[in-house]
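Each chain, written out:
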Amino acid sequence: MDENKKIVIEKRIRKTGENLIRNNMEFWYAETKEDVKPIVENLLKKGDVVTNGGTVSMAECGIADLLRSPDYTYLDRTGKSREEVEEIYIKAYSADVYISSSNAITEDGVLYNVDGNSNRVSAIAYGPKSVVIIAGYNKIVKNLDEAVMRVKRESAPPNCVRLDCPTPCKETGECISLLRTGSQITDGCSGDGRICCNYLISAKQRQKNRIKVILVGEELGY
């Protein structure tokens, strides 16, 4: 990466991190995706029950290999039947650590997430003792208005491609609501394949440092 661009990106990350701390979330900076695994390992304790949401960012950082260590009990959804996955969704609420990404993070330290099954947004909001968010700098936005647009243009469409969901955004590359004037946060398609069903805005937290955010100086995920 160009050094001048890197300096600007790091300034934005630091600003966002300071505001995450003000909002009672813990902040960590990883310069590269290779630096994420040691941070996550530092946030885990031997014997922890750990699970995760559907997160491309975590996969890009190779965290699953760490979680499969005998030091932890990993509730892994890989290769499981639908019934087994649903059981893991429920067990996740009593996990010691839940790992996810975020669809967007505002510069003033607010997390914005949109979900279809809603296991991810519900676990971020309540249940697991600790929530670890891994996000590339590309997830940082100016405010919630930008966060909403980011999901409609940059997050939902590729996720629908990845999950093979029959939605208009999978075909066109952006939310159908953007074709209308005055698109609202919950506007979208009406098909059964829709993945934008429940919306979570995580502002200042009552439980200090339950949510830990690792911001990475590289682009990760959607």
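Residues numbered from 1 in each chain as written. Predicted model: local features only at pLDDT ≥ 70, side-chain atom pairs only at ≥ 80, totals over all residues. Heavy atoms only, no water.

**Student:** Is there a simple way to explain the pairing of strand 2 (residues 49-52) in this structure?
**Tutor:** In this sheet, strand 3 (residues 73-75) lies alongside strand 2 in parallel orientation, the contact comprising 3 bridges. Bridged to Val-50 within strand 3 is Tyr-74. As defined by bridge partners, strand 2 adjoins strand 4 (residues 97-100) across 3 bridges and the pair is classed as parallel. Across the sheet, residue Val-50 finds its bridge partner in strand 4, namely Val-97. (Pairing = 2+ DSSP bridges. Helix = DSSP H or I, 4+ residues; strand = E, 2+ residues; numbered from the N terminus.)

**Student:** Mind showing me how you'd approach the side chain of Asn-159 here?
**Tutor:** Here Asn-159 is to be found in helix 7 (residues 144-163). For Asn-159, a relative accessible area of 13% gives the class buried. Excluding residues that lie within four positions of it along the chain, Asn-159 makes contacts with Ile-195 and Tyr-222. (Buried < 20%, exposed > 50% of the residue type's maximum accessible area, 1.4 Å probe, protein only. Contact = heavy atoms within 4.5 Å.)

**Student:** Just to check I follow, could you spell out unusual backbone geometry for this structure?
**Tutor:** In most cases, non-glycine residues show a negative phi, while peptide bonds are predominantly trans. Positive phi values are uncommon outside glycine, yet Ser-118 reaches one of about 75°. Backbone geometry at Asn-209 places phi at a positive 65°, although glycine is not the residue there.

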